[in-house]
There are 2 protein chains.
Amino acid sequence: MVNRKEIIDILKLRGYKLTRQRRAILDTITRSHSHLAPADVYEKVNKRYPGIGLVTIYRTLELLTRLGFICEAHSGNSCRSYMMRRSSGHHHHLLCSICYRVVDFTDCDLRQMEERLTRQTDFEIDSHLVEFVGRCHDCRRKN
Amino acid sequence: MVNRKEIIDILKLRGYKLTRQRRAILDTITRSHSHLAPADVYEKVNKRYPGIGLVTIYRTLELLTRLGFICEAHSGNSCRSYMMRRSSGHHHHLLCSICYRVVDFTDCDLRQMEERLTRQTDFEIDSHLVEFVGRCHDCRRKN
DNA sequence: AACGTAAATGAAAACGATTTTCATTTACGT
DNA sequence: ACGTAAATGAAAATCGTTTTCATTTACGTT
């Protein structure tokens, strides 16, 4: 996983300014282990660093996604929620539907499936989307 | 796959009225082999059956989803696009990113993956989302 | 075949999420 | 400390979706 320090270095390197707002958003997303919709990020950020606009949240999320530091989830929360990219390479997510916690996993057997599908359908497969949704240990115990 | 006739019978049976609009929308979705965002459905429907409102499209898509006749795609087109449910049981989609064609596949090895993840993370897994995105034979040839 | 009724529709308004615009502020190299 | 281009915030615009409500329609009953 890329840590906050490294991200800041890369931002500098690429000529992006290190603003109070970007620090705050990075800090918040790094700290959280959930997948967060833009509005969630806004709320969380403003608790610790008041006065940061929603527009800036959107712009920063867009930037961090473009640079590959965060990635999207499709199931659960909202159809467009973000979380830190913890594993740098090819990986997928396991989402808790109660606390929005995210667990990454990298070892997927989909290559075989992909090859089989390519053979059977003559598609040239470019990408795949895999997410598991469940309830984590802690949330199950609380219910 | 459930055909148009069967769907109409089930609608009647459950007390839903068979309106011009519902017929038109069913006809259009059944005919198409792509995944369609609500706006796409609206456009297609109105080519053949003019004068059907977008609101009705939304309501009918909601109904057909609730009854399980159509299902959603998350990748590609829009984060919320619909297509006929062709296989009735557990299945997944392979989407063409150019013509929006959809191919269903049922045999996935995810049970094993699910079990492994359950063991490793102590999540109780409720569902999974799997989609492959690629370019189909025809679209590749055209480029 | 006409009637009555509840359900379905359409138009407009409301709504929520996201994007654009533009004037002001800020980070950072000089 | 200064200058400049980039970043921000507030407001407006835009887009997709939902709600409201008056009108229309499908369909069971006479």
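Predicted model only: the values in this text are computed from it and were never measured.

Draft legend 1. Spotlight on the state of the cysteines. Summed over the entire model, instances satisfying the criterion amount to 1 disulfide over all chains. One disulfide in the model links A:Cys79 with B:Cys79; its S-S distance is 2.3 Å. Where A:Cys79 bonds to B:Cys79 through sulfur, the torsion about that S-S bond is close to -80°, and the disulfide is left-handed. With A:Cys79 in the loop between strand E1 (70-73) and strand E2 (81-84) and B:Cys79 in the loop between strand E1 (70-73) and strand E2 (81-84), this pair bridges two chains. Looking at A:Cys139, it has no disulfide partner, and the nearest cysteine sulfur is the one in A:Cys136, 3.7 Å off. A relative accessible area of 5% places A:Cys139 in the buried class. There is no disulfide at B:Cys96, and the cysteine sulfur nearest it, in B:Cys99, is 3.7 Å away.

Draft legend 2. The packing of aromatic side chains, seen in detail. Residues and elements named next belong to chain A. Applying the stated criterion across every chain yields a total of 2 aromatic pairs over all chains. Aromatic side chains Phe 105 and Phe 132 sit 5.7 Å apart centroid to centroid with 55° between the ring planes, which places their arrangement in the tilted category. Of this pair, Phe 105 sits in strand E4 (residues 102-105) while Phe 132 is found in strand E5 (residues 124-135), placing the two residues 27 residues apart along the sequence.

Draft legend 3. Structural view of the relation of the copies chain A and chain B. Once turned by 179° and shifted 0.0 Å along the axis, chain A lies on chain B with an RMSD of 0.2 Å. Considering both components of the superposition, the chain copies are consistent with a two-fold axis. When each C-alpha of chain A is compared by its distance to the rotation axis, A:Val130 comes out closest, at 2.3 Å. Take the interface residues of chain A: 100% of them recur as interface residues in chain B, which is what a same-surface contact looks like.

Draft legend 4. Region of the structure containing the protein's contact with DNA strand D. Residues in close proximity to DNA strand D total 19 residues, the closest being A:Thr19, A:Gln21, A:Thr56, A:Arg59 and B:Tyr58. Each atom of DNA strand D within 4 Å of the protein was classed as base or backbone; sugar and phosphate made up 69%. Note that a phosphate oxygen of DNA strand D is positioned 2.7 Å from one of the side-chain N or O atoms of A:Thr19. For the surface near DNA strand D, the elements supplying multiple residues, two or more each, are helix H2 (20-31) and helix H4 (54-66) of chain A together with helix H4 (54-66) of chain B. Taken together, the residues that form the surface near DNA strand D break down as 7 nonpolar, 6 polar and 6 charged.

Draft legend 5. Molecular detail of the pairing of strand E5 (residues 124-135) of chain B. Here E5(A) pairs with E5(B) via 11 bridges, running antiparallel. If you follow A:Gly134 over to E5(B), its bridge partner there is B:Ile125. Direction of pairing for strand E3 (residues 92-96) of chain B relative to E5(B): parallel, over a ladder of 4 bridges. What sits directly across from B:Leu94, in E5(B), is B:Phe132.

Draft legend 6. Main features of unusual backbone geometry. Positive phi is not limited to glycine here, since A:Tyr100 has a value of about 65°. Following the sequence through the fold, A:Tyr100 ends up in the loop between strand E3 (92-96) and E4. Notably, B:Asp122 is not glycine yet its phi reads approximately 60°, a positive angle. With respect to the element layout, B:Asp122 can be found in the loop between helix H5 (110-121) and E5. The class of B:Asp122 is partly exposed, set by a relative accessible area of 32%.

Draft legend 7. Quick peek at the pattern of salt bridges. All names here are of chain A. What the rule picks out here adds up to 20 salt bridges over all chains. With its nearest N and O atoms 2.6 Å apart, the salt bridge here joins Arg 4 to Asp 27. Note that Arg 4 is positioned in helix H1 (residues 4-13) and Asp 27 in helix H2, a separation of 23 residues in sequence.

Draft legend 8. Molecular detail of the packing of helix H3 (residues 38-48) of chain A against H4(A). All names here are of chain A. Across the interface, H3 lies against H4 with an axial gap of 9 Å and an inter-helix angle of 120°. Judged by the sense of rotation from one axis to the other, the crossing of H3 with H4 is right-handed. For the pair H3 and H4, contact is made by Pro 38, Val 41, Tyr 42 and Val 45 and by Leu 54, Ile 57, Tyr 58 and Leu 61, respectively. Of the residues contributing to the contact of H3 with H4, the split by class is 8 nonpolar, no polar and no charged.

Cut-offs applied
Residues numbered from 1 in each chain as written. Chains lettered and ligands numbered in written order. Predicted model: local features only at pLDDT ≥ 70, side-chain atom pairs only at ≥ 80, totals over all residues. Heavy atoms only, no water. Disulfide = S-S within 2.5 Å. Helix = DSSP H or I, 4+ residues; strand = E, 2+ residues; numbered from the N terminus. Buried < 20%, exposed > 50% of the residue type's maximum accessible area, 1.4 Å probe, protein only. Phe/Tyr/Trp six-rings, centres within 6.5 Å; stacked < 30°, edge-to-face > 60°. Least-squares fit on C-alpha atoms with pLDDT ≥ 70 in both. Contact = heavy atoms within 4.5 Å. Near = heavy atom within 4 Å. Polar contact = N/O pair within 3.5 Å; in protein donor to acceptor, adjacent residues only side chain to side chain. Nonpolar A, V, L, I, M, F, W, Y, C, P; charged D, E, K, R; others polar. Pairing = 2+ DSSP bridges. Salt bridge = Lys/Arg side-chain N within 4 Å of Asp/Glu carboxyl O. Axes fitted to C-alpha atoms, helices over the stretch in contact; angles between N-to-C directions. Left-handed = near helix turned anticlockwise from the far one by under 90°.

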